[in-house]
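Reading the structure
Okay, here's what each chain looks like letter by letter:
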Amino acid sequence: MNDVVSPIPATCDLCDAHKGDGSGAFRVLPPVFRDFGAVRRFAGPVVTVKCFEDNTPVKAAVESPGQGRVLVVDGGGSLRRALLGGNLGAAAARNGWAGVVIDGCVRDVAELAQSQVGIRALASMPLPTERKVDGLRDVAVQLQGVWVRPGDWLYADEDGIVVADRALV
Ligand SMILES: O=C([O-])CC(=O)C(=O)O
């Protein structure tokens, strides 16, 4: 990291620049993610967790230093349990995560809207998980059929979410 804070590139500009990229290095997530956090635009290197209706690895991640990274959660697309709520959203903001992108649900929507962190998820579901197993961290995951790998870079703004195998300028 250098100490020059660069603005986050717009996803539309990134898509203009990479629209002919058939290599798979540049990917666009399907437009099914809703915005729940107080931060609209965010970007950073990706950390992944994978879990199903059990947010144990999400809690562990957001309670550790985020260092400007984006937590990508493969929750299997489940609409039956919330993988992040107000407490964990506040922890993500407090610990310096740039954002959390969840292929699954969140709850405590009013609290999340006050959290100074980017939060994208499929929907709101008031039912929490029961924490029983660790889940996986730092594995390649699929969100809505799109591969996301640890160390990829993710860019999110009002227009959508894109992922690349390196930082884009
Ligand atoms: O703790 C959980 O499982 C989710 C939640 O409600 C919170 O983050 O406040």
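Every chain's residues receive numbers from 1 upward, in the order its sequence appears when written. Restriction of local features to residues with pLDDT of at least 70 applies here, the model being predicted, together with a cutoff of 80 or more for giving and counting side-chain atom pairs; totals for whole chains, interfaces and linings are based on all residues. Neither water nor hydrogens contribute to the side-chain values; these are computed over all heavy atoms in the structure.

1. Concerning helix H1 (residues 11–18)
To sort residues, take the accessible area from a 1.4 Å probe on protein chains only and compare it with the maximum for the residue type: under 20% means buried, over 50% means exposed, and anything in between is partly exposed. Note on conventions: DSSP H or I runs of at least 4 residues are helices, E runs of at least 2 residues are strands, and numbering of each starts at the N terminus. Among all positions of H1, only Thr11, Leu14 and His18 are buried. Along the long axis of H1, the arc covered by the buried residues comes to 60 degrees, so they all point the same way. Exposed residues lying more than 90 degrees from the buried face of H1 are Asp16 and Ala17. Lining the buried residues of H1 we find strand S1 (26–28), strand S13 (153–157) and strand S14 (160–164). This arc is built from the directions going out from the helix axis to the C-beta atoms. Whether two residues are in contact is decided by their heavy atoms, any of which lying within 4.5 Å being enough.

2. Notes on the site of the ligand
We call a residue near a molecule or strand when any one of its heavy atoms sits within 4 Å of it. In the vicinity of the ligand, the contacting residues are Asn55, Gly85, Gly86, Asn87, Leu88, Arg107, Asp108 and Arg131. Polar contacts, as counted here, are pairs of nitrogen or oxygen atoms within 3.5 Å of one another; within protein the pair requires one atom able to donate a hydrogen and one able to accept it, and residues that are adjacent in sequence qualify only if both atoms are side-chain atoms. Within the backbone of Gly85, an N or O atom sits 3.0 Å from an oxygen atom of the ligand. In this structure, an oxygen atom belonging to the ligand sits 2.8 Å away from a side-chain N or O atom of Arg107. Against a free-state accessible area of 260 Å², the protein chains account for coverage of 90% of the ligand. Ten residue types, Ala, Val, Leu, Ile, Met, Phe, Trp, Tyr, Cys and Pro, are classed as nonpolar, four, Asp, Glu, Lys and Arg, as charged, and the remainder, Gly among them, as polar. Residue composition of the shell around the ligand, grouped by class: 1 nonpolar, 4 polar and 3 charged. The method behind every accessible area is Shrake-Rupley, applied with a 1.4 Å probe, and residues are considered shielded solely by the protein chains displayed.

3. Concerning helix H3 (residues 86–94)
Inspection of H3 places Gly86, Leu88, Gly89, Ala91 and Ala92 among the buried residues, and these make up the whole buried set. Contacts made by the buried residues of H3 are with helix H2 (56–62), strand S5 (82–84), strand S6 (99–103) and helix H4 (109–112). Once H3 finishes, Gly96 follows within two positions and takes phi at roughly 80 degrees, a positive value.

4. Regarding the pattern of salt bridges
By definition here, a salt bridge exists when the distance from a side-chain nitrogen of Lys or Arg to a carboxyl oxygen of Asp or Glu is within 4 Å. Summed over the entire model, instances satisfying the criterion amount to 8 salt bridges. Residues Glu158 and Arg41 are paired through a salt bridge, measuring 3.0 Å at the closest nitrogen-oxygen approach. One end of the pair, Glu158, is in the loop between S13 and S14; the other, Arg41, is in the loop between strand S2 (34–35) and strand S3 (42–50), with 117 residues separating them in the sequence. The salt bridge involving Asp138 is made with Arg137; its shortest N-O contact spans 3.6 Å. Classification of Asp138 as partly exposed rests on a relative accessible area of 46%. Taken together, the shared-partner salt bridges connect Asp35, Arg40 and Arg120 into one network.

5. Concerning the pairing of S3
Counting buried residues in S3 gives 8 out of 9 residues, a clear majority hidden from the surface. In this sheet, S13 lies alongside S3 in antiparallel orientation, the contact comprising 4 bridges. Its bridge partner lying in S13, Ala43 is registered against Tyr155. Two strands qualify as a pair provided DSSP detects at least 2 bridges between them. The sheet contact formed by S3 and strand S4 (residues 70–74) spans 5 bridges and is parallel. From the neighbouring strand, Val49 faces S4, where its bridge partner is Val73. With its strands directed away from the observer, a crossover is right-handed exactly when the path from the first strand over the helix to the second travels clockwise. Of the crossover connections in this fold, the one passing from S3 over H2 to the parallel S4 is right-handed. Taken together, the 2 bridges between S3 and strand S10 (residues 136–137) define a ladder with antiparallel strand orientation. Paired with Val49 across the bridge in S10 is Arg137.

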